Amino acid sequence: MFDNLQDRLGSILNGLTGRGSLSDKDVQAALREVRRALLEADVSLEVVRGFVERVREKAVGAEIVKSIKPGQMVVKIVHDELVETLGSEGVTIDLNAAAPVVVMMVGLQGSGKTTTTGKIAKRITDRERKKVLMASLDTQRPAAQEQLKQLGEQTGIDTLPVIAGQKPTDIASRAVQAAKLGGHDVVILDTAGRTHIDEPLMQEMAEIRARSRPHETLLVADALTGQDAVNVAQSFDERVGITGLVLTRMDGDGRGGAALSMRAVTGKPIKLIGVGEKMDALEEFHPKRIADRILG
Ligand code: GDP
C-alpha cells in the first residue's frame with residue numbers, strides 16, 4: 001500500500017512547528033503529495049487540478065499553531081475540502097411527485113444498472129411500502145430483459161411483461177401506462193448501456209427521457225471507473241440530464257476517486273452506493289467515509 005498522506009505531509013511539514021505560518025514554498029511541496037495521493041485514488045486529472053488549487057488557497061498563509069502539527073493541519077484542510085466537494089449526506093431518491101413517479105436508470109453496460117434497479121425497487125418497497133414496477137428497456141443485450149424478470153421474481157416486485165421487438169421508447173410509454181393501470185406508485189426504467197459512450201446511446205436516452213419524463217434520472221457508475229469517470233458523467237449529464245449518481249462496487253478495493261470526479265464535474269448528488277451483488281447491498285452515501293478512503 002501507499003504511505004498515507006498524513007505521514008508524507010508530516011515528513012515535509014512537521015519541521016515547521018514553531019514558525020509563523022505556511023509559506024507558498026512549504027505548501028508547494030505538500031501539494032505535490034496531495035496531488036499524488038488523489039491520482040493514486042484514481043481521481044481524474046482535471047478534477048485534481050481544481051481541487052489542489054482550492055487547497056492551496058486555504059493552506060498558504062495558514063497560521064501554524066502549537067497544538068497541531070503542520071502536516072496534520074494540511075491533511076485536515078484536504079479532508080474538509082474532500083467532504084465539501086463530495087457533497088451532503090442523506091440525499092436519497094426523491095419520490096415526491098404524482099404517481100406513478102418515474103425513475104430512469106442510465107449508465108454504461110456492466111456498470112451495475114440492472115442490479116441497482118432491483119436493489120432500489122426493493123428498498124422503496126421495503127422501506128416506503130410503495131408499489132413498484134420495474135421495466136427493462138434494454139433491447140440491445142438479449143438476456144437483459146430476462147435478467148430483470150428474474151430479479152423481479154426473486155424480490156417479489158412486478159416487472160413489465162416483455163413484448164418481443166418493441167422499441168425502447170415504446171416500452172417506456174407502455175411501462176408508465178401499465179404503472180398507472182396497475183396502481184404502482186413508482187416505475188423504474190432500466191435502460192440499455194454500451195461499453196463506451198456513443199451517439200446512438202445518448203440519442204436513445206434523450207428520447208426515452210423526453211417520452212417518460214422521469215422525476216429522477218440516476219447515473220449508475222462503477223466506482224472503479226478511474227480516469228474515464230469525468231467523461232462518462234459529463235456526457236450523460238449534458239446529453240440526458242441526470243439528477244443523481246449511484247456508485248457501484250464500493251465493496252471492491254478501489255479508493256473511490258471516481259466519486260469525487262463525478263460529483264465535481266456534474267455537481268449532482270451521490271444518492272446511494274452499491275456494496276455487493278445481493279439485493280440488500282445498497283447503502284446511503286457518507287462523504288466522510290469516502291474522504292477517508294480516498295486519503296488511504
Ligand atoms: P448492467 O449491465 O449495468 O445492467 O450491469 P449488471 O447489473 O448486470 O451488473 C454487472 C455485474 O456487476 C453483475 O455481476 C452484478 O452482480 C455486479 N454488481 C452490480 N453492482 C455491484 C456492487 O455494488 N458490488 C459488486 N461487487 N458487484 C456488483
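Computed from a predicted structure; not experimentally measured.

What counts and what doesn't
- Residues numbered from 1 in each chain as written.
- Predicted model: local features only at pLDDT ≥ 70, side-chain atom pairs only at ≥ 80, totals over all residues.
- Heavy atoms only, no water.
- Salt bridge = Lys/Arg side-chain N within 4 Å of Asp/Glu carboxyl O.
- Helix = DSSP H or I, 4+ residues; strand = E, 2+ residues; numbered from the N terminus.
- Buried < 20%, exposed > 50% of the residue type's maximum accessible area, 1.4 Å probe, protein only.
- Pairing = 2+ DSSP bridges.
- Near = heavy atom within 4 Å.
- Polar contact = N/O pair within 3.5 Å; in protein donor to acceptor, adjacent residues only side chain to side chain.
- Areas by Shrake-Rupley, 256 points an atom, 1.4 Å probe, with all protein chains shown as cover.
- Nonpolar A, V, L, I, M, F, W, Y, C, P; charged D, E, K, R; others polar.
- pLDDT = per-residue confidence, 0-100.
- Contact = heavy atoms within 4.5 Å.
- Core = buried A, V, L, I, M, F, W, Y, C linked by side-chain atoms within 4.5 Å.

Overview of the pattern of salt bridges
Inference 1: Tallied over the entire structure, the rule returns 18 salt bridges.
Inference 2: Among the ionic pairs, Arg8 bridges to Glu33, the shortest N-O distance being 3.4 Å. Here Arg8, found in helix 1 (residues 5–13), pairs with Glu33, found in helix 2 (residues 24–40); they are 25 residues apart in sequence, far enough to count as distant. Comparing Arg8 with Glu33 shows no difference in burial state: the two are buried.
Inference 3: Linking Asp198 and Arg194 is a salt bridge whose minimum nitrogen-to-oxygen distance equals 3.4 Å.
Inference 4: Relative accessible area serves as the criterion here: at 13%, Arg194 is assigned to the buried category.
Inference 5: Several salt bridges converge on common partners, so that one network encompasses Arg8, Glu33, Arg36 and Glu40.

Section: the pairing of strand 4 (residues 186–190)
Inference 1: Along strand 4, 5 of the 5 residues are buried, which leaves the element largely enclosed by surrounding structure.
Inference 2: Alternating residues of strand 4 divide into Val186, Ile188 and Asp190 and Val187 and Leu189, and every residue in both groups is buried.
Inference 3: The pairing of strand 1 (residues 101–106) with strand 4 spans 5 bridges and is parallel. Within the sheet, the bridge partner assigned to Val103 lies in strand 4 and is Ile188.

A look at the site of the ligand
Inference 1: Around the ligand there are 18 residues in total, and Gly110, Thr115, Arg249, Asp251 and Glu277 lie nearest to it.
Inference 2: In the environment of the ligand, an oxygen atom lies 3.2 Å from a nitrogen or oxygen atom belonging to the backbone of Ser111.
Inference 3: When isolated, the ligand has an accessible area of 580 Å², and the protein chains bury 82% of it.
Inference 4: Split into classes, the residues belonging to the shell around the ligand amount to 2 nonpolar, 10 polar and 6 charged.

Structural notes on the confidence of the model for the chain
Inference 1: Taken residue by residue, the chain gives an average pLDDT of 93. The fraction at 70 or more is 99%.
Inference 2: Quick note on the complex model: pTM equals 0.94, ipTM equals 0.99.

Regarding unusual backbone geometry
Inference 1: The omega angle of the peptide bond from Ala99 to Pro100 is -5°, so this bond is cis rather than trans.
Inference 2: In this structure, Arg129 takes a positive phi of about 55° despite not being glycine.
Inference 3: Following the sequence through the fold, Arg129 ends up in the loop between helix 5 (113–128) and strand 2 (132–136).
Inference 4: Judged by relative accessible area, Arg129 falls into the exposed class, the value being 69%.

Focus on the side chain of His184
Inference 1: Along the chain, the position of His184 falls in the loop between helix 7 (168–182) and strand 4.
Inference 2: Since its relative accessible area comes to 8%, His184 is described here as buried.
Inference 3: Only 2.8 Å separates the side chain of His184 from the side chain of Asp158, close enough to count as a polar contact.
Inference 4: Excluding residues within four positions of it along the chain, His184 makes contact with Ala99, Pro100, Lys131, Val132, Leu133, Asp158, Ala178 and Ala179.

Concerning the environment of Val74
Inference 1: Locating Val74 in the fold gives a position in helix 4 (residues 70–86).
Inference 2: Dropping the residues within four chain positions of it, Val74 is found in contact with Leu9, Leu13 and Leu22.

A word on the nonpolar core
Inference 1: Grouped together as the largest cluster of nonpolar side chains are 72 residues, with contacts concentrated most on Leu22, Leu38, Val78, Leu82, Leu189 and Phe236.
Inference 2: The element best represented in this core is helix 4, accounting for 8 residues.
Inference 3: With 21 residues, the next largest nonpolar core counts Ile93, Val101, Val132 and Leu151 among its residues.

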